[in-house]
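# Understanding the architecture of this molecule
The primary structure of each chain is shown beneath.
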Amino acid sequence: MSLHFYFHPLASYCHKALIALYENDTPFEAVFVDLGQEAERAALLKLWPIGKFPVLRDDARDQIVPESTVVIEYLDRYYPGNTRFIPAEPDRAWQARLRDRFYDLYVHEPMQKIVGDRLRPDVAKDPYGVEEAKARLRLSYGIIEREMATRTWAMGEAFSLADCAAAPALFYANEVMPFGETHPEVAAYFDRLKARPSYARVLKEAEPYFAMFPR
Ligand SMILES: N[C@@H](CCC(=O)N[C@@H](CS)C(=O)NCC(=O)O)C(=O)O
């Protein structure tokens, strides 16, 4: 097996890249990483000194590919399937990348800030930072609400990199700041994402681990 995917089944950025792997039934070996186990953490750090996952190892091309967006671009370039994640047309390509950045930086990141704060000891809580993150999420929900009123997927009718980014970001954002009552178009888009077989599979596999999520 050429591709090895280092991941944890609960980790949101791993979900993003897994969606791309499952979309095209790309063969890969899953390498479960428990960061609480010193040896497993050390093995990940050896591949990517930043120590975050997902990381893709491609033995056939002798490459280590970290960062979920880059993993998806790499798969699209070297292991393409029926679903193309980066549109061929140049203007649509940068627009897909922009939406990927939007979901990572303005939905996923504030969501992680809120979740991360729950894991901090009481003396290290950051209520001001959490309020800022909630305000950012509110702003982003408004933007998605307007945009998704007229499209099926983030780029229109074709599923793309941007939808891989949107699914886990919205899943966990909905846990920390639900949008179901306030943003019907965001909720409808999220329902479509959950019904997509690739993401439904990711969620099913993550199910046994959801009890670990700090509520
Ligand atoms: N920008 C990175 C973010 C990756 C990331 O934040 N991964 C989290 C899991 S969702 C992680 O590795 N957390 C463990 C840690 O930070 O120690 C990407 O897109 O892959």
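Residues numbered from 1 in each chain as written. Predicted model: local features only at pLDDT ≥ 70, side-chain atom pairs only at ≥ 80, totals over all residues. Heavy atoms only, no water.

## Focus on the overall build of the protein chain
Helices and strands together make up the secondary structure of the protein chain, namely eight helices and four strands. Going from the N terminus to the C terminus, the protein chain shows its helices and strands as β-α-β-α-β-β-α-α-α-α-α-α. In terms of C-alpha radius of gyration, the protein chain reaches 17 Å, essentially the compact-globule figure of 17 Å for 215 residues. By principal-axis analysis of the C-alpha atoms, the protein chain measures approximately 45 × 45 × 30 Å. For the protein chain, with 215 residues in total, the buried portion stands at 50%. Side-chain charges in the protein chain split into 27 positive and 32 negative, and the spacing between the mean points of these groups amounts to 2 Å. (Helix = DSSP H or I, 4+ residues; strand = E, 2+ residues; numbered from the N terminus. Rg over C-alpha atoms; globule rule 2.2 N^0.38 Å. Buried < 20%, exposed > 50% of the residue type's maximum accessible area, 1.4 Å probe, protein only. Lys, Arg positive; Asp, Glu negative; His and termini not counted. Charge placed at Lys NZ, Arg CZ, Asp CG, Glu CD.)

## Topic: the site of the ligand
For the ligand, the full set of nearby residues is Ala11, Ser12, Tyr13, Leu35, Lys52, Phe53, Pro54, Glu67, Ser68 and Gln112. With respect to the ligand, the side chain of Lys52 contributes an N or O atom lying 2.8 Å from an oxygen atom. Phe53 places a polar main-chain atom, nitrogen or oxygen, 2.8 Å from a nitrogen atom of the ligand. Relative to its free-state accessible area of 510 Å², the ligand is covered by the protein chains to the extent of 77%. For the shell around the ligand, the residue count by class is five nonpolar, three polar and two charged. (Near = heavy atom within 4 Å. Polar contact = N/O pair within 3.5 Å; in protein donor to acceptor, adjacent residues only side chain to side chain. Areas by Shrake-Rupley, 256 points an atom, 1.4 Å probe, with all protein chains shown as cover. Nonpolar A, V, L, I, M, F, W, Y, C, P; charged D, E, K, R; others polar.)

## A closer look at the state of the cysteines
With the rule as written, the count across this model stands at zero disulfides. Of all cysteine sulfurs, the one in Cys164 lies closest to Cys14, which takes part in no disulfide; the gap is 14 Å. (Disulfide = S-S within 2.5 Å.)

## Points about the nonpolar core
Tyr103, Val107, Ile144, Leu170, Tyr189, Leu193 and Tyr199 are the most contacted members of the largest nonpolar core, which has 68 residues in total. Looking at this core, the element that brings in the most residues is helix α6 (residues 161–176), giving 12 residues. Excluding its chain neighbours within four sequence positions, the residues that come into contact with Tyr199 are Ile19, Ala167, Pro168, Phe171, Phe190, Leu193 and Lys194. (Core = buried A, V, L, I, M, F, W, Y, C linked by side-chain atoms within 4.5 Å. Contact = heavy atoms within 4.5 Å.)

## Quick word on the pattern of salt bridges
Overall, the coordinates contain 13 salt bridges when judged by the stated rule. Put simply, Asp76 and Arg84 hold a salt bridge, and the shortest N to O gap is 3.1 Å. We classify Arg84 as partly exposed; its relative accessible area is 43%. The residue Asp126 makes a salt bridge to Lys113 at a minimum N-O spacing of 2.6 Å. Of this pair, Asp126 sits in the loop between α4 (90–119) and α5 (127–148) while Lys113 sits in helix α4, placing them 13 residues apart in sequence. It is possible to trace a salt-bridge network through shared partners that takes in Lys16, Asp100, Arg101 and Asp104. (Salt bridge = Lys/Arg side-chain N within 4 Å of Asp/Glu carboxyl O.)

## Re the sheet that holds strand β1 (residues 3–7)
Hydrogen bonds between backbone groups are what pair the strands of a sheet, and the pairing can be parallel or antiparallel. Taken in spatial order, the four strands of this open sheet run β2-β1-β3-β4, and their pairing is mixed. For this open sheet the edge positions go to β2 (29–32) and β4 (63–66), each flanked by a neighbour on one side alone. Adjacent strand axes in the sheet meet at a mean angle of 20° when their direction is disregarded. One ladder, built from four bridges, connects β1 with strand β3 (residues 55–58); its direction is antiparallel. (Pairing = 2+ DSSP bridges. Axes fitted to C-alpha atoms, helices over the stretch in contact; angles between N-to-C directions.)

## Remarks on the pairing of β3
Two strands pair when backbone bridges link them, and β3 and β4 are joined in this way by four bridges, in the antiparallel orientation. Residue Asp58 lies in a different strand from β4, and its bridge partner there is Gln63. As consecutive antiparallel partners, β3 and β4 are separated by four residues, and within that stretch Asp62 has a phi angle of approximately 55°, a positive value.

## So, the packing of aromatic side chains
In total, this model carries 16 aromatic pairs according to the counting rule given. Between Phe102 and Tyr106, the aromatic rings sit 6.2 Å apart at their centres with planes inclined by 55°, giving tilted as the arrangement. With Phe102 and Tyr106 both in helix α4 and four residues apart, the pair spans about one turn of that helix. The exposure class of Phe102 is buried, given its relative accessible area of 15%. What makes Tyr106 partly exposed here is its relative accessible area of 35%. Linked through ring pairs, Tyr141, Phe171, Tyr172, Phe179, Phe190, Phe210 and Phe213 together constitute an aromatic cluster. In this arrangement the basic side chain of Arg196 is found over the ring face of Trp153, its NZ or CZ atom lying 5.2 Å from the centre. A cation over an aromatic ring shows up here: Arg201 above the ring of Tyr22, its NZ or CZ 3.7 Å from the ring centre. (Phe/Tyr/Trp six-rings, centres within 6.5 Å; stacked < 30°, edge-to-face > 60°. Lys NZ or Arg CZ within 6 Å of the ring centre and 35° of its normal.)

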